[in-house]
Amino acid sequence: RFRLSRVGPLLFFSGASAIVYQVAWLRELRLVFGASTAASAAVLGVFMGGLGLGGILLGKRADKVPNPLLFYANLEIAVAVAAAVTPLLVWLARTLYLALGGQSTLGMAGATVARLVLGALVLIVPTTLMGGTMPAAARAVSHEGDPGRRSMSALYGINTLGAVVGALAANFVMLEVFGTRLSLWMPCLLNVLVGLVGRMLSRD
């Protein structure tokens, strides 16, 4: 198994990237669906649902692959690719939502369903892939000599710390300086770097 000191930094940057994505996607989709509580809840619901789906589906696969760190690295690169194309999907979601007439035509219930479906169109692939990264990384550092799973707990802590840094950077620096689109693409580059480093470490 791989050392926590090697995998931990990867999870830090992965956690930071995930929150920057979330903030940027929420900002982009608010321009489509509006800034109401119902619209924001629909976007966040799809985001969290994708993470959960990835944890279930890809987490099971992580338990079976011979090299979970390589699997994790490949997931990070796949997240970057899937996230990079979401601006195009946001444009498509905007076009479809406007064609449907929005809440004024669909009503509250219809608009909520449309937001969930169109939000899933944009977010379900990258968030599902993101949901599989933590189980894969946790599997990479787990070993029989750690029955208390302290390494896994440390990974969650490192990932959470990265998420805090990502939230601060996105809300107070990146969106103001770079705008939403660049703030979305910058963590894509970071995910690619994390994936490439993870692939190199997986060979040891």
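Think of each chain on its own: its residues are numbered from 1, step by step along the sequence as written. Local features are withheld for residues below a pLDDT of 70 in this predicted model, meaning they are given only at 70 or higher, and side-chain atom pairs are given and counted only at 80 or more; totals for whole chains, interfaces and linings count all residues. Remark: hydrogens and water are excluded; side-chain values derive from all non-hydrogen atoms of the structure.

Here the focus is helix 5 (residues 102-131). Between its terminal C-alpha atoms helix 5 stretches only 30 Å, short of the 44 Å expected from 30 residues at 1.5 Å a residue. The largest bend along helix 5 reaches roughly 105° and is located at Met108. Helix numbers and strand numbers start at the N terminus; a helix is a DSSP run of H or I with at least 4 residues, a strand a run of E with at least 2. Expected span of a helix, by definition, is 1.5 Å for each gap between consecutive residues, and there is one gap fewer than residues. At every residue, the bend is computed as the angle between two fitted axes, covering the seven residues ending there and the seven beginning there respectively.

What follows covers the pattern of salt bridges. A pair is scored as a salt bridge if a Lys or Arg side-chain nitrogen falls within 4 Å of a carboxyl oxygen belonging to Asp or Glu. Across all of its chains, the model carries one salt bridge by this definition. The closest approach of N and O atoms between Arg181 and Glu28, which form a salt bridge, is 3.4 Å. Of the two residues, Arg181 sits in helix 7 (residues 150-201) while Glu28 sits in helix 1 (residues 4-33), which places them 153 residues apart along the sequence. Take Glu28: its relative accessible area is 7%, and that puts it in the buried class. Accessible area is worked out with a 1.4 Å probe on protein chains only. A residue is then buried under 20% of its type maximum, exposed over 50%, and partly exposed in between.

Looking now at the confidence of the model for the protein. Confidence of the predictor at the level of single residues is given by pLDDT, which spans 0 to 100. Of all residues in the protein, 96% have pLDDT values of 70 or greater, and the mean over the chain is 90. The secondary-structure element of the protein with the lowest mean pLDDT is helix 6 (residues 133-141), recorded at 89, while helix 3 (residues 68-84) shows the highest, at 96.

What follows is about the environment of Thr128. Position of Thr128 among the secondary structure elements: in helix 5. For Thr128, a relative accessible area of 13% translates into the label buried. Taking C-alpha positions, Thr128 is 9.3 Å from Ile56, a pair spaced 72 residues apart along the chain. In contact with Thr128, not counting residues within four places along its chain, are Gly50, Leu53, Gly54 and Leu58. Any two residues whose heavy atoms approach within 4.5 Å at even a single point are treated as in contact.

Attention shifts here to the nonpolar core. Generally speaking, nonpolar side chains in soluble globular proteins are found buried as a group. With 47 residues, the main nonpolar core has Tyr21, Trp25, Phe33 and Tyr72 as its most contacted residues. Of all the secondary-structure elements, those providing two or more residues to this core are helix 1, helix 2 (37-62), helix 3, helix 4 (86-100), helix 5, helix 6 and helix 7. Among the elements that make up this core, the one with the highest residue count is helix 1 (eleven residues). In contact with Tyr21, not counting residues within four places along its chain, are Val79, Ala80, Ala83, Met130, Leu184, Pro187, Cys188 and Asn191. Grouping buried Ala, Val, Leu, Ile, Met, Phe, Trp, Tyr and Cys residues that are joined through side-chain atoms within 4.5 Å yields what is termed a nonpolar core. Core analysis: the second largest hydrophobic core is formed by seven residues, Ile19, Val23, Met174 and Leu175 among them.

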